[in-house]
Amino acid sequence: MIRTRFAPSPTGYLHVGGLRTALYSYLFAKNQGGKFLLRIEDTDRERFVADGTQNIINSLQWAGIVPDEGVVNFKLDKLVQKGDKGPYIQSERLDIYKKFADELVEAGNAYHCFCTPERLQELRDTQQKNKQPTGYDQHCLKTMPIDEAKKRARDGEKNVIRLKMPKTGETVFNDLIRGPVTFQNKLVDDQVLLKSDGYPTYHLAVVVDDHLMEITHVIRGEEWISSTPKHLQLYKYFGWKPPEFAHLPLLLNADKSKLSKRQGDVAVHEYMQKGYLKEALINFVAFLGWNPGTEQELFTLDELVKEFSLEKVNKTGAVFNIDKLNWFNKEYIKKLSDAELAGRSINYFRGALSLEQLKKIVPLERERVTTLSELPAALAFAVRLPEYEKEFLIWKKGSIEEVRKILPELHKFLSGIAEKKWNKSDLEKLVGEWVIKNSYSNGSVLWPMRVALSGQQNSPGPFEIAEVLGKDESMARITTALQKV
Ligand code: GLU
């Protein structure tokens, strides 16, 4: 059984890069008929953000990436966990990590280190000055007999436990995206595994948990690739079979620098608030480093599950192009039914319009907006007639005199139209016939009618607006125009 996991640290909110890691892990598991887990790696207490976990879960839920196991929900202020390999929150597993750290020390594969922060800083400074690679010099391992170290630790002296990394040879692994990757062991630091506060570091916790939770494939960002030799050494010491590893390409700005907030590395919930559709964001994020090898660009989540494979993930960095995201969003807005579009937009209107009203008006602007949050401004005229200059009412080939003549006649004609014919198609037909009968040009009638109804020079057509406003409001607006001219 294939088992993948997304293992975010709640040191902040879920960003696009995290969403991509979660998505690829999810797609890979689902494509293979496997399971996708969510594990919360909250061992970095200094960088812990209180509502980080909640934000991560909400964002994944919104995007439709639902874990089969692990931390599956956030309800009534509580994290909901599911599965028989939990707990799935690392801060609830401290005794497990302690046990495995002790086991490593007993076997001579890890050691207590009592060095002070000052000594470590001095060491780093000297190494930097001498242009040497920085890293721990195994001072405590070399100078302290093992029994003394154990006794001092037992007596409660402040210490950390470090991995004893072999200093010769190399560690090689076959990355599913990059192929064989080799590290010189002498360049790999004796990583701290257990901190003096009793919390494990990421490196110990991730290995123990991936093993105990029977993870078969670790899919994560490229920034973790240099940690992999440490992890593999731990698997070796524990005598465990390591999972397969796949390291995803970096996300880049258009100028190829590492993705920055300014350029679009924005939290997922901010995209959500701006009115990007989950379908668009998922589709866009899927293409950040993967493509199906065909011309097809629009994929639902289910289609992505069918198509996804790690072989088609690129090795080189993926450029984040906001224009492409906007394109996807417009495409998906076009695909929504009027009712769906209204439902997804309603919060942006803050109660100014009902769902029924929205169903009628949002279609008027759906082709013009990029995100749903633009709709209230684009449709403001439907809520209230904006202030406008009387000159707006004059068609480009017309004159104010013409408006003064035609608009009252039009008002009279429209007043006579029955309520039940007050809809786009009937109005279009009746007004069209009236224009012909009077030998007016279309522009000389439809332009002032449209501006009278919308108060804007650019807007949807007069008949659509008239239907949405209803007869009373439409007539009132035309009266306002008459008063102006
Ligand atoms: N907790 C790590 C992170 O925040 C997980 C890295 C991994 O997937 O191994 O990205």
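Look up a bit, the structure's there.
Overview of the structure. All residue numbers refer to position in the chain's written sequence, counted from 1. Only residues with pLDDT of at least 70 get local features here, since the model is predicted, and only at 80 or more are side-chain atom pairs given and counted; chain-wide, interface and lining totals rely on the full set of residues. With hydrogens and water excluded, all non-hydrogen atoms of the structure serve as input to the side-chain values.

**A short note on the overall build of the protein chain**
Then comes step 1: Regarding its fold elements, the protein chain presents 21 helices and 13 strands.
Then comes step 2: By the compact-globule yardstick of 23 Å for 485 residues, the protein chain is too spread out, its C-alpha radius of gyration being 32 Å.
Then comes step 3: Based on the C-alpha atoms only, the size of the protein chain along its principal axes is roughly 105 × 45 × 45 Å.
Then comes step 4: Put simply, the protein chain has 485 residues, and 49% of those count as buried.
Then comes step 5: A total accessible area of about 23500 Å² is found for the protein chain, and carbon and sulfur atoms account for 50% of it.
Then comes step 6: In this tally Asp and Glu are treated as negative and Lys and Arg as positive; neither His nor the chain ends contributes. One atom stands in for each charge, and that atom is NZ of Lys, CZ of Arg, CG of Asp or CD of Glu. A gap of 1 Å separates the mean positions of the 70 positive and 65 negative side-chain charges of the protein chain. Secondary structure is summarised from DSSP: a helix means a run of H or I of at least four residues, a strand means a run of E of at least two, and numbering begins at the N terminus for each. Between the two quantities, the radius of gyration covers C-alpha atoms and the globule rule is 2.2 Å times the number of residues to the power 0.38. Relative accessibility decides the category of a residue: with a 1.4 Å probe and only protein chains considered, values under 20% of the type maximum give buried, values over 50% give exposed, and everything between is partly exposed. Calculation of accessible area relied on Shrake-Rupley with a 1.4 Å probe; when residues are assessed, cover is drawn exclusively from the protein chains displayed.

**Some thoughts on the side chain of Asp42**
Then comes step 1: With respect to the helices and strands, the residue Asp42 is situated in the loop between β2 (35-38) and α2 (52-63).
Then comes step 2: Asp42 sits in the buried class, given a relative accessible area of 6%.
Then comes step 3: Residues are treated as being in contact if the distance between any of their heavy atoms lies within 4.5 Å. Non-local contacts of Asp42, meaning those with residues more than four positions away in its chain, are made with Pro10, Phe48, Ile89, Gln90, Ser91 and Tyr199.

**Structural notes on the site of the ligand**
Then comes step 1: Here, proximity means that at least one heavy atom of the residue falls within 4 Å of the molecule or strand. Around the ligand sit Arg5, Ala7, Pro8, Ser9, Glu41, Tyr202, Val206, Arg220 and Trp224, and that is every residue in its neighbourhood.
Then comes step 2: For the ligand, an oxygen atom lies 2.6 Å from a polar atom in the side chain of Tyr202.
Then comes step 3: Burial of the ligand by the protein amounts to 84% of the accessible area it has alone, namely 300 Å².
Then comes step 4: A majority-of-atoms criterion places the ligand in the largest pocket.
Then comes step 5: Looking at the shell around the ligand residue by residue, the classes come out as five nonpolar, one polar and three charged. For this analysis, a polar contact is any N or O atom pair within 3.5 Å, provided that within protein one partner can donate a hydrogen and the other can accept it, and provided that sequence-adjacent residues contribute only side-chain to side-chain pairs. Put simply, the grid is 1 Å and covers the protein atoms alone, a cavity is a trapped set of points that fit a 1.4 Å probe, a pocket is an open set with protein on both sides within 12 Å along at least five of seven lines, and lining residues have an atom within 4 Å of a point. Each molecule is assigned to a cavity or pocket provided more than half of its atoms lie within 2 Å of the corresponding grid points. All amino acids are sorted into three groups, where Ala, Val, Leu, Ile, Met, Phe, Trp, Tyr, Cys and Pro are nonpolar, Asp, Glu, Lys and Arg are charged, and the leftover types, Gly among them, are polar.

**A look at the layout of surface pockets**
Then comes step 1: Estimates place the volume of the largest pocket at around 1000 Å³.
Then comes step 2: As for the largest pocket, its lining consists of 34 residues, and the residues nearest its centre are Ser9, Gly17, Gly18, Glu223 and Trp224.
Then comes step 3: Put simply, the parts of the chain that give the lining of the largest pocket at least two residues each are β1 (3-6), α1 (16-31) and β10 (217-221).
Then comes step 4: At four residues, α1 tops the list of elements feeding residues into the lining of the largest pocket. Grid points are joined across faces, edges and corners, and a volume is the space filled by probe spheres set on the points.

**Re the sheet that holds strand β6 (residues 160-163)**
Then comes step 1: Note on pairing: two strands pair once DSSP finds at least 2 bridges between them. Overall, antiparallel pairing links the three strands, which are arranged β5-β6-β9 in an open sheet. A single partner strand is all that each edge strand has here, and the edge strands are β5 (110-113) and β9 (192-194). Adjacent strand axes in the sheet meet at a mean angle of 45°, parallel and antiparallel pairs treated alike.
Then comes step 2: Examined bridge by bridge, β5 and β6 share four bridges and lie antiparallel to one another. What sits directly across from His112, in β6, is Ile161. Each axis is a line fitted through C-alpha atoms, and for a helix only the stretch in contact is used; angles between axes span 0 to 180 degrees, taken between their N-to-C directions.

**Concerning the pattern of salt bridges**
Then comes step 1: Salt bridge, as used here, is a side-chain nitrogen of Lys or Arg placed within 4 Å of a carboxyl oxygen of Asp or Glu. This structure, assessed with the given rule, holds 28 salt bridges.
Then comes step 2: Where Arg39 meets Asp210, a salt bridge forms, and the shortest distance between an N and an O atom there is 2.9 Å. You can see Arg39 sitting in the loop between β2 and α2 and its partner Asp210 sitting in helix α7 (residues 202-212), a full 171 residues away along the chain.
Then comes step 3: With relative accessibility at 0%, the residue Arg39 sits in the buried group.
Then comes step 4: Given a relative accessible area of 3%, Asp210 falls into the buried group.
Then comes step 5: Here Glu279 makes a salt bridge to Arg344, at a shortest N to O gap of 2.7 Å. Highlighted residues: Glu279 in helix α10 (residues 278-286) and Arg344 in helix α13 (residues 338-345), separated in sequence by 65 residues.
Then comes step 6: Of the residues examined, Glu279 reaches a relative accessible area of 24% and is grouped as partly exposed.
Then comes step 7: Salt bridges sharing common partners tie together Arg5, Arg39, Glu41, Arg93, Asp209 and Asp210.

**Let's talk about the packing of helix α3 (residues 94-106) against helix α8 (residues 228-238)**
Then comes step 1: Where α3 meets α8, the axes come as close as 11 Å, and the angle between the chain directions of the two elements is 75°. In this view, α3 runs roughly perpendicular relative to α8, as classed from their interaxial angle. Residues Phe100, Glu103 and Leu104 of α3 pack against Leu234, Tyr237 and Phe238 of α8.
Then comes step 2: Of the residues assigned to the contact of α3 with α8, the class counts are five nonpolar, no polar and one charged. Roughly parallel refers to an angle under 35 degrees, roughly antiparallel to one over 145, roughly perpendicular to one between 65 and 115, and oblique to any angle outside these ranges.

**What about helix α14 (residues 355-365)?**
Then comes step 1: Leu358, Ile361, Val362, Leu364 and Glu365 are the residues of α14 that are buried. Seen from one end, α14 has its buried residues packed into an arc of 135°, which puts them on one side.
Then comes step 2: In this fold, the buried residues of α14 make contact with α13, α15 (375-378), α16 (380-383) and α20 (462-469). Working note: the arc is built from the helix axis to C-beta atom directions.

**Some remarks on the packing of helix α17 (residues 400-415) against helix α21 (residues 471-484)**
Then comes step 1: Taken N-terminus to C-terminus, the directions of α17 and α21 make an angle of 165°; their axes are 10 Å apart at the nearest point. By the angle between their directions, the pair α17 and α21 is classed as roughly antiparallel. α17 and α21 meet at a crossing whose hand is left-handed. Within the contact between the two elements, α17 uses Leu407, Pro408, His411, Leu414 and Ser415 and α21 uses Lys471, Met475, Ile478, Thr479, Ala481 and Leu482.
Then comes step 2: Across the contact of α17 with α21, the residue classes tally to seven nonpolar, three polar and one charged. Take the far helix as your reference; a near helix turned counterclockwise from it by less than a right angle gives a left-handed crossing, and one turned clockwise gives a right-handed crossing.

**Observations concerning the environment of Ala7**
Then comes step 1: Counting through the fold element by element, Ala7 comes out in the loop between β1 and α1.
Then comes step 2: For the pair Ala7 and Thr21, spaced 14 residues apart in sequence, the C-alpha separation works out to 9.4 Å.
Then comes step 3: In contact with Ala7, not counting residues within four places along its chain, are Arg39 and Glu41.

Remember that the coordinates give geometry; whether it matters functionally is a separate question.
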